[in-house]
Amino acid sequence: MKVPYLHTAALSVLSVAAVSSACWAGPVDLASIYAPEVVAVQPIYAVHDLCRTADGEIRHYGWQMVKGKKRRVYIASRDEGLSWKTFLAEDDEAGYMEKSPESGDWIGFGTEAHVPGREPRRLAVLRSKVGPGDPNPARTPFPWDKHFVRQLFHMKTRARWIAALSDVRCVGTECYHSAVAWSDDDGRTWKRVQIAPVKGVARLHPGDKRPHWFNDGCEPTVVELKDGTLWMGVRTSGEHHAFYTSKDGGETWSEGTPHPAFWAANTMPYLFRLSDGRLLFIWNNTAMLPTRDLSEYPELGEGERSGQWETVFTNRDALHAAISDDDGKTWKGFREIALNDIRNASDFRELGNDPAQEHDKSVHQTQALELPGGKVLLAYGQNAAARRMVIFDPDWLLEASREEDFRTGLGNLSNHLYVRSLSGGWRGWAGHCAWNRMPGATLVRDPDTDSPPPGAKRSVREVLQLARVRDPRLVSERQGVAWNFPAARKGTVTVECRRVGAGFRLTLADHWMNPCDEVGPARSPFSVAISEKELPDRAWHALTAAWDEDAGEVTLAVDGKTLGRYPLASLPPFGLSYLHLQTLADAPDAEGTYFRRFAAKAEL
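With respect to the overall build of the protein
Across its full length, the protein carries two helices and 38 strands. Expected size for 604 residues packed as a compact globule is a radius of gyration near 25 Å; at 25 Å, the protein falls within 12% of this value. Taking the principal axes of its C-alpha atoms as reference, the protein extends roughly 80 × 55 × 50 Å. Classification of the 604 residues of the protein by burial places 60% in the buried group. Residue pairs at least 24 apart in sequence account for 63% of intrachain contacts in the protein once pairs closer than 6 positions are excluded. With the model as given, the accessible surface of the protein reaches about 24,100 Å², and the carbon-plus-sulfur share is 52%. Each charge class in the protein can be summarised by its mean position, and for the 73 positive and 79 negative side chains these summaries are 2 Å apart.

Structure, rendered in structure tokens:
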């Protein structure tokens, strides 16, 4: 029996990462978990290292610095993810594997056996009677190099293994970044199909001053639909994830087509089948800030200036999930599974770095495992300062309402602003493609604390203040907030607000956008300025926006009195899911607008 070298994996790593949840105590039991709850920090970015052993232990393999050396480790749980311990692992020890329904053998991917002085090692197919943890699995070299294995599963409708691969391979001027390998002899031999790039991926999004880092399809995720069709999602630099289908078990594929419901740019999607037949889709339902003029960043090299590597990933701080009970035809939820714990960090680029760690920080890159009772264990994120493992109940995605009064802080909001930081692929000790941050909208004393209205009691609470403060260090001073609620085609959002300064812009959208994004609101289904005209006094009011996609309109009301009806500029397939508020001030506005409650409700 192995002895753990760190008794409690989650707490020890959390404290090293210096995150706000360092005093987390852990859930009491699995049945009590409903909304996402953090249970650990995995030892590497989440992609393909979460697994269950033959005796039921859950493991996540990875790397950590141990006594000054980079060592392979894994964290393990024997109580279905509620508590974890960290163990040293052998370099050649089998990690993630799946058990074959044909032979009972365990099949997986790893590398050729370690030979001192010979690096890097080629990809190999692993075979074992033991499964994860086998110190000496049988290894067969994979016929193709430069592959990164994303997923592996055995089809339900035919005796075939499917492996989703990220593949960098160029033939002439055409480069392929995704591939599928399949095996009809229980993993002994494999055939590979290169996936054609997604056509028409834009190099420029609205508002961009220069091209994004171009990507026309990589890091595929594949799931088998009930009729045997394979459905694949890929990462691109376009505004939406693109999807392919295969009707012949992966031998031929359709063209990649962007899906308008799933916003994303250069982030990794994930499809996961639950045992009850429902599908989960986990992704960053987000939009980037428009790219800025190159003259602001003299440190960029020639390749970075052309759009290679340099794209600043301003859309990787919110992770979402949706659920489908009809094999992907319709989706519900579109809820935030996680917000990046360090999204406000002024040392975002350097936080959590050490020689064993990924230096990028995000909540993209995911892998899931189903637990008893239908709960889901999800690993997400890159650097230790940002990555986490959570447990949640998929039925949480089906809730129809949400409220926020800030009494537990701003953990449910995005409110960060960006500092003018070094840009480019790699700069010193930092990860690539990131900017440092600073909180914008913040909690302050309710103005009624000092001067309550006639006949009102003195307030003893704090409220959210949305203002504008002069700070030349920032990319943009325009404060804003983004708040997520369960998606609905018909519903209401109410904000209790008190306008004192210039007012604010209220936007309803189907995806997360940066708090300081000045382009996104104009492209959203609904956006309206709320100023002195709509709120002429400085009192508290309930401002309600009621939308109906079937009618194609939004009704705006103050304290129940209709202000007007407005057309929806677009009709998202599965409804609206975001409230975005942003100051209207074009100059410093120290008072701005105060908010004390948000509430959203779907009309089902």
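Having seen the structure, we can now continue with the description.
Section: the sheet that holds strand β1 (residues 37-40)
Hydrogen bonds between backbone atoms are what pair the strands of a sheet, whose relative direction is either parallel or antiparallel. One open sheet holds the four strands; their spatial order is β1-β24-β23-β22, and the pairing between them is antiparallel. Either end of the sheet is taken by a strand with one partner, and the two such strands are β1 and β22 (366-370). Shown here is a sheet whose adjacent strand axes are inclined to one another by a mean of 30°, direction ignored. In terms of strand pairing, β22 meets strand β23 (residues 376-380) through five bridges, oriented antiparallel. Across the sheet, Q367 pairs through a bridge with A379, a residue of β23.

Focus: the side chain of S100
Relative to the helices and strands, S100 is located in the loop between β6 (97-99) and β7 (106-111). Within polar-contact distance, the side chain of S100 engages the side chain of D186 at 2.5 Å.

A look at empty space enclosed by the protein
All chains considered together, the criterion is met by four cavities of 30 Å³ or more. Quantified by volume, the largest cavity comes out at close to 120 Å³. Along the wall of the largest cavity there are 15 residues; nearest its centre are E239, A287, M288, D517 and R523. For the lining of the largest cavity, a count of residues per class yields seven nonpolar, four polar and four charged.

Some words on the pairing of strand β4 (residues 69-77)
In the sheet, strand β3 (residues 58-66) pairs with β4 via nine bridges, with the strands oriented antiparallel. Within β4, the position partnered with M65 by the bridge is K70. With antiparallel pairing between neighbouring strands as the criterion, β3 and β4 make up a hairpin whose turn holds two residues, including K67 at a positive phi of roughly 55°.

Regarding the pattern of salt bridges
The final tally for this structure, using the stated rule, is 38 salt bridges. Put simply, D105 and K129 hold a salt bridge, and the shortest N to O gap is 2.6 Å. With a gap of 24 residues between them, D105 in the loop between β6 and β7 and K129 in the loop between β8 (123-128) and β9 (138-141) connect regions that are remote in the sequence. Residue class for D105 comes out buried when judged on its relative accessible area of 6%. Assessed through its relative accessible area of 67%, K129 is described here as exposed. R473 is the salt-bridge partner of D471, the closest N and O atoms lying 2.9 Å from each other. Exposure remark for D471: the relative accessible area of 11% places this residue in the buried category.

What to know about the pairing of strand β24 (residues 388-392)
Across the five residues of β24, five count as buried, placing the element largely inside the fold. The side-chain alternation of β24 yields two buried faces, one formed by R388, V390 and F392 and the other by M389 and I391. Of the strand pairs in this sheet, β1 and β24 are connected by three bridges, and their pairing is antiparallel. Of the residues in β24, the one forming a bridge with A40 is M389. Relative to β24, β23 runs antiparallel, the two sharing five bridges. Counterpart to A379 in the pairing with β24 is M389.

Brief notes about the layout of surface pockets
Roughly 1,100 Å³ of volume is contained in the second largest pocket. If you trace the second largest pocket, you find 35 residues lining it, with E98, L152, F153, F272 and R273 closest to the centre. Of all the secondary-structure elements, those providing two or more residues to the lining of the second largest pocket are β2 (50-52), β6, β10 (147-154), β14 (216-224), β18 (270-273) and β22. It is β10 that contributes the most residues to the lining of the second largest pocket, five residues altogether.

Overview of the sheet that holds strand β15 (residues 230-236)
Pairing is antiparallel in the open sheet, where four strands are placed in the order β14-β15-β16-β17. This sheet does not close on itself; its edge strands, each paired only once, are β14 and β17 (257-263). Averaged over all pairs of adjacent strands, the angle between their axes in this sheet comes to 35°, without regard to strand direction. Sheet analysis places β14 next to β15, joined by six bridges and oriented antiparallel. In the strand pairing of β15, C218 is matched with R235.

Things to note about the environment of S570
Looking at the element boundaries, S570 is found in the loop between β36 (561-567) and β37 (576-583). Along the chain, S570 and L126 lie 444 residues apart, while their C-alpha atoms are 49 Å from each other.

Regarding the nonpolar core
Core analysis: the biggest nonpolar cluster contains 34 residues, and F504, L506, L579, F595 and F598 have the highest contact counts within it. Not counting chain neighbours up to four residues away, the residues in contact with F595 comprise F406, V463, L464, L466, V495, E496, C497, F504, W540 and L581. Formed by 21 residues, the second largest nonpolar core is a distinct cluster that contains I107, F109, L152 and A179.

Scoring rules and cut-offs
Residue positions are given per chain, counting from 1 as you read along its sequence in written order. Restriction of local features to residues with pLDDT of at least 70 applies here, the model being predicted, together with a cutoff of 80 or more for giving and counting side-chain atom pairs; totals for whole chains, interfaces and linings are based on all residues. Note: side-chain values were computed over all heavy atoms of the structure, leaving out hydrogens and water. Helix and strand assignments come from DSSP, with helices taken as H or I runs of at least 4 residues and strands as E runs of at least 2, each series counted from the N terminus. Throughout, the radius of gyration refers to the C-alpha atoms, and the reference size of a globule is 2.2 Å times the residue count to the power 0.38. Three labels apply to residues, based on accessible area from a 1.4 Å probe with only protein chains included: buried if under 20% of the type maximum, exposed if over 50%, partly exposed otherwise in between. Should any heavy atoms of two residues lie within 4.5 Å, those residues are considered in contact. Each accessible area is a Shrake-Rupley result for a 1.4 Å probe, and residues are judged covered by the shown protein chains and nothing else. The convention is simple: Lys and Arg are positive, Asp and Glu are negative, and His and the chain ends are not counted. Note on charges: their place is set at NZ of Lys, CZ of Arg, CG of Asp or CD of Glu. Paired strands, as defined in this entry, are two strands with at least two bridges between them according to DSSP. Each axis is a line fitted through C-alpha atoms, and for a helix only the stretch in contact is used; angles between axes span 0 to 180 degrees, taken between their N-to-C directions. Within 3.5 Å is the distance limit for a polar contact, defined as a pair of N or O atoms, with the added protein rule that one can donate a hydrogen and the other accept it, and that residues adjacent in sequence qualify only through two side-chain atoms. In this analysis, the protein atoms alone were mapped onto a 1 Å grid. Cavities are point sets where a 1.4 Å probe fits without being able to get out; pockets are open sets with protein on both sides within 12 Å along at least five of seven lines; lining residues have an atom within 4 Å of a point. Grid points are joined across faces, edges and corners, and a volume is the space filled by probe spheres set on the points. Gly is put with the polar residues, along with every residue not named as nonpolar or charged; the nonpolar set is Ala, Val, Leu, Ile, Met, Phe, Trp, Tyr, Cys and Pro, and the charged set is Asp, Glu, Lys and Arg. By definition, a salt bridge exists where a carboxyl oxygen of Asp or Glu is found within 4 Å of a side-chain nitrogen of Lys or Arg. Residues enter a nonpolar core if they are buried and are Ala, Val, Leu, Ile, Met, Phe, Trp, Tyr or Cys, with the set joined through side-chain atoms within 4.5 Å.

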